[in-house]
Amino acid sequence: MKKPYVYLVGAGPGDEDLITVKGLASIKKADVILYDRLANPNLLKYKKEGAVCIDVGKAPDHHQYTQEEINNLLLQKAKEGNVVTRLKGGDPYVFGRGGEEAQTLYEEGISFEVVPGITSAIGAANYGGIPVTHRNISTSFHVITGHEDPTKQKTSVNYGALAKLEGTLVFLMGVGNLTEITGELMKYGKAKETPVALVHRGTTSRQRTVTATLENIGEEVQKQQIKSPSIIIIGEVVNLRDKLNWFEKLPLNGKKILVTRTRQQASELTNRLKSMGADVVEFPTIEIKPAENLQVIDEKIKETHKANYIIFTSVNGVESFFKRLQAIKLDIRAIGNGKIIAIGTATAEALMEKGLLVDLVPEVFTAEGILTSLEGVIQKGDVVFLPRAEIARKNLVTGLQQMGAIVEEIPIYQTVIPTHRQEELLEILEDGIDIITFTSSSTANHLMEILGDENKGLLQNSKIAVIGPITGKTVMELGLSIDFQGREYTIEGLINSILEEL
Ligand code: SAH
């Protein structure tokens, strides 16, 4: 049996990119991951294949796991010989009960490491535009639990002492007790004009911030319906928010966007959207697999050198073709001197990475665009090779044939639906998605297939963005409406259409 090992990891305050490199490494290593309500579930996509993820914020019968149950589960999973990663919101040792979990492990003789995380006390304040210390304004900051009832007889929080501090006060878990907290501080002499901010769900797309003074923040929070989880920041540094509020000013701030491309291809779109402040959820509705009749395909690949033209109509086509070439122990020299055509810039870039210069990219990045640019170029009897998906529109083939070309299709890959995950999709949509992106017809078709007609209503509150008119047509045929449509049929074009029309 493997030796049990536990990582207690701080996932950071919400934005998944705020996890540490070490924390991420321990997610990748884990056999079992126990995660909290406040840890971003997007981080689970980094788990290794077959790793088990348990949401300890929500038990199967929907009650919350007690701390004792969590400790027991942690011990049980470790003792089964697993590497267990316990993923907690913020920092594990800041009101995260990480200390208790570590003690339990110590007592049972299980080896563990604790990986710090960015606490919401600092991270959520930052994304709210508030530095917790600032030269000449605040020389210390104090993180306090707001969970205790400050009016109870023997509170362990000393409001008398806190009221006298010049530094920034940050309360966690305090929304429910807000008026008691502010009341006690004023009672002990803190000025009622002291600026106060609440940052709700800081560092996420659902971040909301309210500011007021110690005297009227309670009323403001009531009015604006700010709930938990929020941090309460008290001190003059709150005033810096007017100038330093960078996060809420990003163009896609507050937008939760679904990316449906393959895992491998998602990152460009995901990273661009994230850098503009969007909260991105990746739910791949397609997966690329090699075609089944590889023997036939290999024979065709060996003939590629006969081609006058080789047309690549997708990045996946390029990747699959070269993977197969390598598998049959051939390299770039085997494809001959035919002219290379790429449907668009992304495909051209993929070819460049393989060491091939592209001879032609059409003005319009569609099959029709290719046909237009080849009109009068293709001579009767020219041989055209077409490595592409098994299900692909026929019009490119027929168009080329009409020009007199001999077309050799190589159906080199298939686009399949990843293992059925309807439940996950339903959860994502129920949680609320502002914009769903489709970068190909398959992404849209598959999403609807996974979702099921009976659940179509869940798409009502989401806008839909498509990469171009062909995907757009598919989306309309599925009975959905389009809110954003790219003009250049590229990721950049898709994003621009969102930015322009939002
Ligand atoms: N270990 C965590 C805190 C856990 S206690 C950390 O270091 O951040 C839970 C409290 O943390 C919540 O009640 C809330 O006050 C605060 N909190 C956690 N994540 C937050 C977020 N994204 N935005 C605002 N407050 C958050």
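Rules used in this analysis
- Residues numbered from 1 in each chain as written.
- Predicted model: local features only at pLDDT ≥ 70, side-chain atom pairs only at ≥ 80, totals over all residues.
- Heavy atoms only, no water.
- Phe/Tyr/Trp six-rings, centres within 6.5 Å; stacked < 30°, edge-to-face > 60°.
- Helix = DSSP H or I, 4+ residues; strand = E, 2+ residues; numbered from the N terminus.
- Near = heavy atom within 4 Å.
- Polar contact = N/O pair within 3.5 Å; in protein donor to acceptor, adjacent residues only side chain to side chain.
- Domains from an automatic or database assignment.
- Contact = heavy atoms within 4.5 Å.
- Buried area = accessible area lost by both parts, 1.4 Å probe.
- Salt bridge = Lys/Arg side-chain N within 4 Å of Asp/Glu carboxyl O.
- Nonpolar A, V, L, I, M, F, W, Y, C, P; charged D, E, K, R; others polar.
- Pairing = 2+ DSSP bridges.
- Axes fitted to C-alpha atoms, helices over the stretch in contact; angles between N-to-C directions.
- Core = buried A, V, L, I, M, F, W, Y, C linked by side-chain atoms within 4.5 Å.
- Buried < 20%, exposed > 50% of the residue type's maximum accessible area, 1.4 Å probe, protein only.
- Parallel < 35°, antiparallel > 145°, perpendicular 65-115°, else oblique.
- Left-handed = near helix turned anticlockwise from the far one by under 90°.

> So what exactly am I meant to see when it comes to the packing of aromatic side chains here?
Think of a pair of aromatic rings as described by two things: how far the centres are apart, and how the planes are tilted against each other in angle. Summed over the entire model, instances satisfying the criterion amount to eight aromatic pairs. Their ring planes at 45° and their centres at 4.6 Å tell us that Tyr127 and Phe247 sit as a pair that is tilted. Placement of the pair is Tyr127 in helix 4 (residues 120-127) and Phe247 in the loop between helix 8 (241-244) and strand 11 (256-259), with a sequence separation of 120 residues. When the centroid spacing of 6.3 Å and the interplanar angle of 5° are considered together, the rings of Tyr159 and Phe171 count as stacked. Here Tyr159 is found in helix 5 (residues 159-164), whereas its partner Phe171 is found in strand 7 (residues 168-172), with 12 residues between them in sequence.

> Would you explain the site of the ligand in this entry?
Surveying the vicinity of the ligand reveals 18 residues, the closest of which are Val94, Thr119, Ser120, Gly202 and Ser230. Contact between the ligand and Gly89: a nitrogen atom at 3.0 Å from a main-chain N or O atom of the residue. In this structure, an oxygen atom belonging to the ligand sits 2.8 Å away from a main-chain N or O atom of Met173. Taken together, the elements giving at least two residues each to the shell around the ligand come down to helix 4 and strand 10 (230-234). Mapped onto the domain boundaries, the shell around the ligand takes at least three residues apiece from domain 1 (5-117) and domain 2 (122-248).

> What exactly am I supposed to notice about the environment of Ala163 here?
Examined against the element boundaries, Ala163 turns out to sit in helix 5. Linking Ala163 and Thr182, residues 19 residues apart in sequence, is a C-alpha distance of 9.8 Å. If we skip the residues at most four places from it in the chain, Ala163 touches Leu185, Tyr188, Gly189 and Lys190.

> Teacher, can you tell me more about the domain arrangement of the chain here?
It is common to give the size of an interface as the accessible area that goes away when the parts come together. When the domains of the chain are assigned, the result is domain 1 (5-117), domain 2 (122-248), domain 3 (256-286 + 418-501) and domain 4 (289-416). The interface is formed by seven residues belonging to domain 1 together with 11 residues belonging to domain 2. Summed over both sides, the interface between domain 1 and domain 2 buries roughly 670 Å², with carbon and sulfur atoms accounting for 70% of that surface. The tally of links between domain 1 and domain 2 comes to zero salt bridges. When grouped by side-chain class, the residues that make up the side of domain 1 that touches domain 2 number five nonpolar, one polar and one charged.

> I would appreciate a short explanation of the sheet that holds strand 18 (residues 435-438) in the present structure.
The strands making up a sheet associate through hydrogen bonds between their backbones, and the pairing can be parallel or antiparallel. Reading across the sheet, the five strands line up as 12-11-18-19-20 and stay open at both edges, with parallel pairing between neighbours. Bordering the open sheet on either side are strand 12 (279-282) and strand 20 (484-485), each of which pairs with just one other strand. Pairing between strand 18 and strand 19 (residues 463-466): four bridges, direction parallel. Bridge assignment links Ile435 to a residue of strand 19, and that residue is Lys463. Docked against the sheet, helix 17 (residues 469-477) engages strand 18, strand 19 and strand 20, running at close to 145° with respect to strand 19.

> How do you make sense of the nonpolar core when you look at a structure like this?
Soluble globular proteins: nonpolar side chains tend toward being buried together. Counting 25 residues, the largest nonpolar core has Ile301, Phe312, Phe321, Phe322 and Leu351 as its most contacted members. Looking at this core, the elements with two or more residues in it are helix 10 (294-302), strand 14 (309-312), helix 11 (315-327), strand 15 (339-342), helix 12 (345-353), strand 16 (383-389) and strand 17 (406-416). Looking at which element gives the most residues to this core, the answer is helix 11, with five residues. What Ile301 contacts, discounting residues up to four positions off in sequence, is Phe321, Arg324, Leu325, Ile328, Ile410 and Ile412.

> Mind showing me how you'd approach the packing of helix 6 (residues 178-187) against helix 7 (residues 217-224) here?
Think of two packed helices as two axes; the pair is described by the angle between the axes and how far apart they sit. Relative orientation of the contacting elements helix 6 and helix 7 amounts to 165°, with a least axis distance of 9 Å. It follows from the interaxial angle that helix 6 and helix 7 lie roughly antiparallel. For the crossing formed where helix 6 meets helix 7, the hand is right-handed. On helix 7, the residues that touch Leu178, Thr179 and Thr182 of helix 6 are Ile217, Gly218 and Val221. Among the residues forming the contact of helix 6 with helix 7, the class breakdown is three nonpolar, three polar and no charged.

> Looking at this structure, I do not really get the pairing of strand 7. What am I missing?
On a regular strand, each side chain points to the face opposite its neighbour's, so the side chains alternate between the two faces of the sheet. Counting buried residues along strand 7, five of its five residues qualify, which places the element largely inside the surrounding structure. Across the two faces of strand 7 the burial is the same, with Thr168, Val170 and Leu172 and Leu169 and Phe171 all buried. The pairing of strand 6 (residues 141-145) with strand 7 spans five bridges and is classified as parallel. By the bridge assignment for strand 7, Thr145 is matched with Leu172.

> Is there a simple way to think about the packing of helix 11 against helix 12 in this case?
Put simply, helix 11 and helix 12 touch, their axes get as near as 8 Å, and they point 20° apart. If you check the angle between helix 11 and helix 12, you find them roughly parallel. Crossing geometry of helix 11 relative to helix 12 is assigned as right-handed. Residues Val315, Val318, Glu319 and Phe322 of helix 11 pack against Ala346, Thr347, Ala350 and Leu351 of helix 12.

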